[in-house]
Amino acid sequence: MRIVVCVKHVPDLQSTRGFTAEHRVVRSADDGTMNEVDENAVEAALALVAAAGDGEHEIIALTLGPDVAADAVRRALQMGADRGIRITDDALAGADYFGTATALAAAIRRIGDVDVVLTGMAALDGLGAVVPSLLAAALDLPQLTVVQELTYSDGALIARRELDGVTETLRATLPAVVAVTDLANTPRLPKFKEIMAARAKEIEVLGAADLGLADGASTNRTEVLRTDPRPPRPEPEIVTDSDSSGGRALADYLISNDLI
Amino acid sequence: MTETAVRTVLVLIENADAALRSPALEALTLARTLGMPVALTLAEPSTPALDQLADAGVDRVLFADLGEAPREIPAVAAVAVAAAAAHTGAGLVLLTSSFVNKEIAAHTAWRTGAGLLIDVTSLADAGGRLVGGKRVFAGTWDTECAVTTQAAVATLRPNALTAQAAASRGAAAVEGLPVAASSPAGLELLDRVVHEVSADASGVVRPALAEAAVVVAGGRGTAGDFGPVEDLADALGAAIGSTRDAVDEGWIGHDAQVGQTGVTIAPRVYIGAGISGAPHHHGGMQAARTIIAVNTDSEAPLVELSDFAVIGDLHEILPAAAAAIRSRRAAQS
Ligand SMILES: Cc1cc2nc3c(=O)[nH]c(=O)nc-3n(C[C@H](O)[C@H](O)[C@H](O)COP(=O)(O)OP(=O)(O)OC[C@H]3O[C@@H](n4cnc5c(N)ncnc54)[C@H](O)[C@@H]3O)c2cc1C
Ligand SMILES: Nc1ncnc2c1ncn2[C@@H]1O[C@H](COP(=O)(O)O)[C@@H](O)[C@H]1O
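The structure presented is a predicted model; accordingly, all values stated were derived computationally and were not measured. (Residues numbered from 1 in each chain as written. Chains lettered and ligands numbered in written order. Predicted model: local features only at pLDDT ≥ 70, side-chain atom pairs only at ≥ 80, totals over all residues. Heavy atoms only, no water.)

Enquirer: I would appreciate a short explanation of unusual backbone geometry in the present structure.
Expert: Peptide bonds are mostly trans, and most non-glycine residues show a negative phi. All names here are of chain A. The amide bond that connects L174 to the next residue, P175, takes the cis arrangement and shows omega of -5 degrees. Here D164, not a glycine, exhibits a phi torsion of approximately 50 degrees, which is positive. Within the secondary structure layout, D164 lies in the loop between β9 (156-163) and β10 (166-173). Using a relative accessible area of 38% as the deciding quantity, one classes D164 as partly exposed. (Helix = DSSP H or I, 4+ residues; strand = E, 2+ residues; numbered from the N terminus. Buried < 20%, exposed > 50% of the residue type's maximum accessible area, 1.4 Å probe, protein only.)

Enquirer: Looking at this structure, I do not really get the domain arrangement of chain B. What am I missing?
Expert: Interfaces are often described in size by the accessible area the parts lose on coming together. Residues and elements named next belong to chain B. Domain annotation of chain B identifies domain 1 (8-178) and domain 2 (214-332). Relative to domain 2, the C-alpha centre of domain 1 lies at a distance of 31 Å. Between domain 1 and domain 2, roughly 580 Å² of surface is buried when both sides are summed, and carbon and sulfur atoms account for 54% of that area. The largest contributions to the domain 1 side of the interface with domain 2 come from A138, R157 and N159, which together make up 64% of the buried area. Put simply, domain 1 and domain 2 have zero salt bridges between them. In this structure, the connection of domain 1 to domain 2 is made through zero residue pairs in polar contact (both at pLDDT 80 or more). (Domains from an automatic or database assignment. Buried area = accessible area lost by both parts, 1.4 Å probe. Salt bridge = Lys/Arg side-chain N within 4 Å of Asp/Glu carboxyl O. Polar contact = N/O pair within 3.5 Å; in protein donor to acceptor, adjacent residues only side chain to side chain.)

Enquirer: Where do I start with the site of ligand 1 in this structure?
Expert: Within the structure, ligand 1 sits among 29 residues, and R220, T243, S276, H280 and N295 of chain B are positioned closest to it. Residues close to ligand 1 are split across chains A and B. Here an oxygen atom of ligand 1 and a backbone polar atom of R220 of chain B are 2.7 Å apart. Note that an oxygen atom of ligand 1 is positioned 2.6 Å from one of the side-chain N or O atoms of T243 of chain B. Burial of ligand 1 by the surrounding chains reaches 80%, relative to a free accessible area of 1000 Å². Contributing elements (two or more residues each) for the shell around ligand 1: α6 (244-248), α7 (279-282), β15 (290-295) and α9 (314-332) of chain B. (Near = heavy atom within 4 Å. Areas by Shrake-Rupley, 256 points an atom, 1.4 Å probe, with all protein chains shown as cover.)

Enquirer: Teacher, can you tell me more about the interface of chain A and chain B here?
Expert: Residue-level contacts link 77 residues of chain A with 89 residues of chain B. Here chain A and chain B share an interface that buries about 7300 Å² over both sides, 60% of which is from carbon and sulfur atoms. Among the residues of chain A in contact with chain B, R221, R230 and R233 of chain A are the three that bury the most area, contributing 10% of the side total. Counting across the interface, chain A meets chain B through seven salt bridges. Note that R244 of chain B and D182 of chain A form a salt bridge whose closest N and O atoms lie 2.5 Å from each other. The interface formed by chain A and chain B holds 41 residue pairs in polar contact (both at pLDDT 80 or more) in total. It is helix α6 (residues 246-256) of chain A that contributes the most residues to the side of chain A that touches chain B, nine residues altogether. Each residue belonging to the side of chain A that touches chain B can be placed in one class, and the counts come to 39 nonpolar, 19 polar and 19 charged. Note: strand β13 (residues 222-229) of chain A against strand β8 (residues 141-147) of chain B, seven bridges, orientation antiparallel. The residue of β8 of chain B that forms the bridge with V224 of chain A is C145 of chain B. (Contact = heavy atoms within 4.5 Å. Nonpolar A, V, L, I, M, F, W, Y, C, P; charged D, E, K, R; others polar. Pairing = 2+ DSSP bridges.)

Enquirer: Got a minute to help me understand the site of ligand 2 in this structure?
Expert: Residues and elements named next belong to chain A. Near ligand 2 you find 19 residues, and of these C6, D38, A123, A129 and V131 are the closest. Residue C6 places a main-chain N or O atom 2.7 Å away from an oxygen atom belonging to ligand 2. V130 is positioned such that a nitrogen or oxygen atom in its backbone is 2.9 Å from an oxygen atom of ligand 2. Here ligand 2 has 480 Å² of accessible area as a free molecule, and 97% of this is covered by the chains. Contributing elements (two or more residues each) for the shell around ligand 2: β4 (58-64), α3 (97-111), β6 (116-120) and α4 (131-139).

Enquirer: Please clarify how the environment of G272 of chain B should be interpreted in this entry.
Expert: Residue and element names in this part refer to chain B. With respect to the secondary-structure elements, G272 resides in strand β14 (residues 269-273). In the structure, G272 is positioned 159 residues away from G113 in sequence and 42 Å away in space, judged by C-alpha atoms. Once residues within four sequence positions are removed from consideration, G272 is found in contact with A217, I292, A293, V294 and L302.

Enquirer: Would you mind showing me how to read the UniProt feature "domain: Electron transfer flavoprotein alpha/beta-subunit N-terminal" (unreviewed entry) in chain B here?
Expert: Taking the UniProt record as the reference, the feature "domain: Electron transfer flavoprotein alpha/beta-subunit N-terminal" (unreviewed entry) is found at residues 9-193 of chain B. Helix makes up 28% of residues 9-193 of chain B and strand makes up 36%, while its end C-alpha atoms are separated by 32 Å. (UniProt positions renumbered as here; feature names shortened; annotations may be inferred.)

Enquirer: Hey, could you run me through the sheet that holds β6 of chain A in this one?
Expert: In a beta sheet, neighbouring strands are held together by backbone hydrogen bonds and run either parallel or antiparallel to one another. Residues and elements named next belong to chain A. Strand order in the open sheet formed by seven strands is β7-β11-β6-β1-β4-β5-β12, and the pairing between neighbours is parallel. Edge strands, defined here as strands with exactly one partner in the open sheet, are β7 (143-147) and β12 (203-206). Geometrically, the sheet is characterised by an average inter-axis angle of 20 degrees between neighbouring strands, direction not taken into account. Here five bridges tie β4 to strand β5 (residues 83-87), and the two strands are oriented parallel to one another. In the strand pairing of β5, L62 is matched with I85. Where helix α1 (residues 36-52) meets the sheet, its contacts fall on β1 (2-6), β4, β6 and β11 (176-180), and the angle it forms with β6 comes to roughly 150 degrees. The strands touched by α3 within the sheet are β1, β4, β5, β6 and β12, with β4 carrying the most contacts at an inclination of about 150 degrees. (Axes fitted to C-alpha atoms, helices over the stretch in contact; angles between N-to-C directions.)

Enquirer: Sorry if this is basic, but what is going on with the packing of aromatic side chains here?
Expert: Two numbers describe a pair of aromatic rings. These are the distance of the centres and the angle of the planes. The full count for this structure, using the stated rule, is four aromatic pairs over all chains. With a centroid separation of 5.2 Å and 20 degrees between ring planes, the pair formed by F19 of chain A and F137 of chain B is classed as stacked. A residue pair is termed interchain when its members come from two chains, as with F19 of chain A in the loop between β2 (9-11) and β3 (32-34) and F137 of chain B in the loop between β7 (129-136) and β8. On the accessibility criterion, F19 of chain A (16% relative accessible area) is buried. Seen in terms of ring centroids, F19 of chain A and W141 of chain B are 5.3 Å apart; in terms of plane orientation they differ by 70 degrees. Their pairing is edge-to-face. Remark: W141 of chain B occurs in strand β8 and F19 of chain A occurs in the loop between β2 and β3; the pair is interchain, linking two chains. Of the two residues, F19 of chain A and W141 of chain B, neither departs from the other in class, the shared state being buried. (Phe/Tyr/Trp six-rings, centres within 6.5 Å; stacked < 30°, edge-to-face > 60°.)

Enquirer: Explain the pattern of salt bridges here, please?
Expert: Pairs can form between side chains of opposite charge once their charged atoms are near each other. All names here are of chain A. For the structure shown, the criterion picks out 32 salt bridges over all chains. Taking the shortest distance from any N to any O, the salt bridge between R83 and E58 comes out at 2.7 Å. Of the two residues, R83 sits in strand β5 while E58 sits in strand β4, which places them 25 residues apart along the sequence. Across the salt bridge formed by R160 and E149, the nearest N and O atoms sit 3.1 Å from each other. Linking R160 in strand β9 with E149 in strand β8 (residues 149-153), this pair joins segments that are 11 residues apart in sequence. For E149, a relative accessible area of 42% translates into the label partly exposed.

Enquirer: Quick question: what am I supposed to make of the nonpolar core here?
Expert: One broad trend across soluble globular proteins is that nonpolar side chains are buried collectively. With 81 residues, the main nonpolar core has I3, V5, L118 and L144 of chain A together with L40 and L116 of chain B as its most contacted residues. Considering each element in turn, this core owes the most residues, nine residues, to helix α3 (residues 74-88) of chain B. Beyond its immediate sequence surroundings of up to four residues, I3 of chain A is in contact with A45, L48, V49, E58, I59, I60, V116 and L118 of chain A. (Core = buried A, V, L, I, M, F, W, Y, C linked by side-chain atoms within 4.5 Å.)

If you want it as structure tokens, here you go:
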């Protein structure tokens, strides 16, 4: 089984996040991590390979992003991916959802014979949650998305998803695109030995021309016009629940501010 | 689209076989500011729904009939939406933001070559280009993004604007549009269970989390007892939310999870009780207009992010607040 896991490098949620003057997300090695749900995607890939049993298996971590984004691929290699690929090109910088999906899909086609494309449910920087669907559309594959439980048997994937007031069970034959949530599994923490071993694994770099996307910018369909920091919130008004007055204080706040 | 032509805005309407919910009416309100709204339904519209559409100024209602094809599958629904967009020459397809609708939006945009704007809270025409506004990074930045293609597909966050009736009623005339589609090869929907609606003790249905004006959320600090949270929520007619930890513990269903990997909400009032305010949670509720925290720890991040906070035990504070609100209501009526 050959699995491609798409991993994104995003600013750490705990860090101060922002944009550059060119309206690009500020990315740095110190304040960046692999998008956390993409760790669940890597874990799901490892579980799939285990479930598939004997045979040749390969897990390839794939990212689109600048130099620092290699960290996300490195993390996947530490977790157990066999090799990594990073797509990067000036023509693809600032890719929107379409630019991203087009480039990732082109790389997946180039890799060839891919049985499963695994992704996280959403990148926690933009919270788009659309790249998996766009990949399924671009590759013309069935999709299992927002997956909370994934099982593999008899050559097919069964997924349970719970969303918008509905629980669904879907079955997809391979090849398929699968996007997992943070509830799908618990990502492993790489051990020292694995971290060292990952250093030796290769990260191939692909440019737009390698993907037949030399005119990469034209795959974007949107343009960021403005990114402005917002003023900080005003200081909170804090009351302490002494003499059991807190409940009334809460009710009074709602009533006096016309909130109910 | 030429400069002078009025843009057709195709609005995907859910629940058209019952009554329309607020997010659909909000989308129609926005659609009227951008061109001529055309409603698209994937189910036969009910009489009350048509009445609401007429009030929203809709003249034309397209009922896309997918026949036997499973319209619950987003890629299938998108075939109908794309067909309706082509049929009406829509310059914009507007959906309300939900997990399923984002998937439908992605497939529709892929099929039609349209640019995609996700989770916008505003949408305006700037010299013929559509520009969407969105607040990101847990409410710390405002961004604007323009669509550079002819056509656009956008999902609108519930509660971003207030639904209003149109100045004049529309005809809401239904037109059938047969659409040929089949399930994507290799994909099968084995089972689909619609969750029971959440109701209070007297059977009054609670509002849906994503669209509620007031949300009371409980976290690990409830210690598994959501009674106080429900009590205050029901006194306020609010929806109930939670953190992932409460879901993980099995105290409440995943539908109630607010946050980056749960539901994103933007209510008028958010009350978080026994919730620390981790960035994963905060990222999903920062758009609330007023944030209230109830926590034993005055240093909890949610307290620092709030407009108003009560420091103390939620098990005491929430029922007392609920009682005060009920007695106030009783005094008024
Ligand atoms: C990939 C990923 C995605 C995630 N997505 C989400 C998400 O979408 N939504 C989400 O919520 N979380 C999410 N999380 C989890 C998140 O990081 C936090 O762990 C979680 O939000 C904490 O939940 P909590 O506030 O209920 O618990 P805690 O952090 O344990 O906070 C409990 C709070 O209750 C207070 N308290 C205790 N007793 C009382 C009492 N009697 N009265 C009043 N206050 C009391 C405490 O002081 C404390 O502040 C995600 C995590 C990961 C890794
Ligand atoms: N630049 C990228 N490189 C690799 N994978 C990506 C990239 N952007 C998005 N993805 C994948 O798509 C998922 C959903 O992203 P999004 O649709 O942007 O929220 C992520 O969890 C990743 O698995």
